[in-house]
Amino acid sequence: MMLNKTKRLIVIAGPTAIGKTEFAIKLAQHLQTEIISADSRQFFKELNIGTAKPSARELSVIKHHFVGSHSIHDYYNVAQFEIDVLSLLDVLFEKHNQVIMVGGSGLYIDAVCNGIDELPDVDEKLRQELNKIYEDEGIATIQQKLKTLDPEFYDTIDRSNPKRIIRALEVCLATGQKYSEQRSNAKKERPFEIIKIGLNIDREQLYQRINERVDQMVKDGLTEEAKELFEFKQLNALNTVGYKEIFDHFSGNIKLEKAIEKIKTNSRRYAKRQLTWFRKNDNYQWFNPNEIEKVIALVNRS
RNA sequence: GGUACCAUAGCUCAGUUGGUAGAGCAACGGACUGAAAAUCCGUGUGUCCCUGGUUCAAAUCCAGGUGGUACCA
């Protein structure tokens, strides 16, 4: 990519149901540009209602990238997203000075803005084996393995999080080197400017929006969509708020009303985690979603 | 109007013979570089309805009040 700081990526982030899609489209219309989605579930073409994808009409107004771009049967991850977005930006910056990236997946946004270490791909079977060991023998076994293979990382990691441990182990085992030694944590410089807009409102209002949106999803046919996907429920892409709760209902564990309540609760908790993620990054300038004019002024001025 | 029962965290409730409270859910805070809408860690947030009485000491016992529920009128 050519170094050109006259090009700018405008990141729009915020909790689920805050109104990011609508906000981004308005801004994109004003700037006559395109939108990159940074949403780890809207990638999947099979997931529609439950992921609150932009509508067909919205998609026809502004060109969106990474919405429905992959299948739930594909393996996709953050590192690939970084690569894909950077090469897409190369193309988009030929036509546009400013491009918008909108989404709620903090890690994915971070990978685009700051980069992620380049580590070799790991054979899927290795992860499956480690998961099997964890399931059969418990967390203590994998903790001990990590302590042996990478004591430095073991000392700093959240040891009760099996996914962290298994990730570290699979890298150690696949590469023969310590995970901690392969991680640089270096921030990559980008050949374009980045400005970050955070959207937020009162917690109470946000929760009301979440609850109402879930009810609307149900009216729009979320249960039917989930029914079509039930046979794939073991796929990671379907370990997702809005689907997993309804699968639990289909499996006979809970009533539908209970499942819907749990979708609301889990969405609220997700929103909270998103805010935690974005708050720790003090580069965000925060706005109410109705303050589009202020944001337009901001991007015009600088 | 009468009788009975109830009133404790946001909700549902527990609280023994009086020693200023606890559970589930909800909520709140945080971590997080290839599963991230995932995964993990942490935190009781209280006018014990009100007023008075008994007592060294009252969520607990007594009286009155207020509110609620049920039944009887």
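Residues numbered from 1 in each chain as written. Chains lettered and ligands numbered in written order. Predicted model: local features only at pLDDT ≥ 70, side-chain atom pairs only at ≥ 80, totals over all residues. Heavy atoms only, no water.

Colleague: Talk me through the nonpolar core; I want residue IDs and the actual numbers.
Modeller: Formed by 71 residues in total, the largest nonpolar core has its most connected members in Ile12 and Leu27. The biggest single contributor to this core is helix α3 (residues 78–95), with eight residues. (Core = buried A, V, L, I, M, F, W, Y, C linked by side-chain atoms within 4.5 Å. Buried < 20%, exposed > 50% of the residue type's maximum accessible area, 1.4 Å probe, protein only. Helix = DSSP H or I, 4+ residues; strand = E, 2+ residues; numbered from the N terminus.)

Colleague: Can you explain the side chain of Lys264? Please cite residues and give values.
Modeller: Within the secondary structure, Lys264 sits in helix α13 (residues 256–280). In terms of polar contacts, Lys264 uses its side chain to reach the side chain of Asp215, at 2.9 Å. Those residues in contact with Lys264 that lie beyond four places of it in its chain are Ile210, Asn211, Val214 and Asp215. (Polar contact = N/O pair within 3.5 Å; in protein donor to acceptor, adjacent residues only side chain to side chain. Contact = heavy atoms within 4.5 Å.)

Colleague: Quick one: what's the story with the sheet that holds strand β5 (residues 193–199), residue by residue and with numbers?
Modeller: Taken in spatial order, the six strands of this open sheet run β3-β2-β4-β1-β5-β6, and their pairing is parallel. Each edge of the open sheet carries a strand with a single partner, namely β3 (64–65) and β6 (284–287). In the sheet, strand β2 (residues 35–37) pairs with strand β4 (residues 98–103) via three bridges, with the strands oriented parallel. Bridging across to β4, Ile35 finds its partner in Ile100. Against the sheet, α3 makes contact with β1 (8–13), β2, β3 and β4, and its axis sits at roughly 175° relative to β2, the strand it touches most. α13 contacts β1, β4 and β6 of the sheet and is inclined by roughly 130° relative to β6. (Pairing = 2+ DSSP bridges. Axes fitted to C-alpha atoms, helices over the stretch in contact; angles between N-to-C directions.)

Colleague: Explain the packing of aromatic side chains residue by residue, including any values.
Modeller: For the structure on display, the rule yields 13 aromatic pairs. Ring geometry for Phe66 versus Phe81: centroids 5.2 Å apart, planes at 70°, classification edge-to-face. Of this pair, Phe66 sits in the loop between β3 and α3 while Phe81 is found in helix α3, placing the two residues 15 residues apart along the sequence. Each member of the pair, Phe66 as well as Phe81, carries the same accessibility label: buried. With a centroid separation of 5.5 Å and 50° between ring planes, the pair formed by Phe93 and Phe192 is classed as tilted. In this pair, Phe93 is assigned in helix α3 and Phe192 in the loop between α9 (179–182) and β5, connecting sequence segments 99 residues apart. Pair check on accessibility: Phe93 and Phe192 agree, each one buried. Directly above the ring of Phe230 sits Lys233, whose terminal nitrogen or CZ lies 4.6 Å from the centroid. Residue placement shows Lys280 over the ring face of Trp277; its charged tip is 4.4 Å from the ring centre. (Phe/Tyr/Trp six-rings, centres within 6.5 Å; stacked < 30°, edge-to-face > 60°. Lys NZ or Arg CZ within 6 Å of the ring centre and 35° of its normal.)

Colleague: Residue-level account of the protein's contact with RNA strand B, with values.
Modeller: Around RNA strand B lies a shell of 48 residues, among which Ser40, Arg127, Asn161, Lys163 and Asn185 are the nearest. Here a sugar or linking oxygen of RNA strand B and a side-chain polar atom of Asn161 are 2.4 Å apart. At a separation of 3.4 Å, a base nitrogen of RNA strand B approaches a polar side-chain atom of Lys272. Those elements that provide at least two residues to the surface near RNA strand B are α3, α4 (106–114), α5 (124–137), α8 (162–175), α10 (203–219) and α13. Ranked by the residues each element gives to the surface near RNA strand B, the list is headed by α13, at 10 residues. Residue composition of the surface near RNA strand B, grouped by class: 14 nonpolar, 16 polar and 18 charged. (Near = heavy atom within 4 Å. Nonpolar A, V, L, I, M, F, W, Y, C, P; charged D, E, K, R; others polar.)

Colleague: Tell me what's going on with the confidence of the model for chain A, and back it up with residues and numbers.
Modeller: Here chain A shows a mean pLDDT of 95. Residues at 70 or above account for 99%. Scored as a complex, the prediction yields pTM 0.92 and ipTM 0.92. (pLDDT = per-residue confidence, 0-100.)

Colleague: A description of the pattern of salt bridges should follow, citing residues and the corresponding values.
Modeller: Throughout the structure, instances matching the rule amount to 14 salt bridges. A salt bridge links Glu170 to Arg127; its shortest N-O distance comes to 2.8 Å. Of the two residues, Glu170 sits in helix α8 while Arg127 sits in helix α5, which places them 43 residues apart along the sequence. The partner of Asp136 in a salt bridge is Lys132, and the shortest N-O contact between them spans 2.6 Å. In this pair, Asp136 and Lys132 both sit in helix α5, four residues apart, roughly one turn of the helix. Ionic contacts of the salt-bridge type, sharing partners, join the residues Glu82, Glu118, Lys188 and Arg190 into one network. (Salt bridge = Lys/Arg side-chain N within 4 Å of Asp/Glu carboxyl O.)

Colleague: Which residues make up the packing of helix α6 (residues 139–149) against α8, and what are the values?
Modeller: A pair of packed helices can be characterised by two numbers: the angle between their axes and the separation between those axes. Where α6 contacts α8, the axes come no closer than 10 Å and their chain directions differ by 45°. Here α8 runs oblique to α6, going by the angle between their axes. Taken as a pair, α6 and α8 cross one another with a handedness that is left-handed. Of the residues in α8, those touching α6 at Ile139, Ile142, Gln143, Lys145, Leu146 and Leu149 are Pro162, Ile165, Ile166, Ala168, Leu169, Cys172 and Leu173. Considering only residue class, the contact of α6 with α8 consists of 11 nonpolar, one polar and one charged. (Parallel < 35°, antiparallel > 145°, perpendicular 65-115°, else oblique. Left-handed = near helix turned anticlockwise from the far one by under 90°.)

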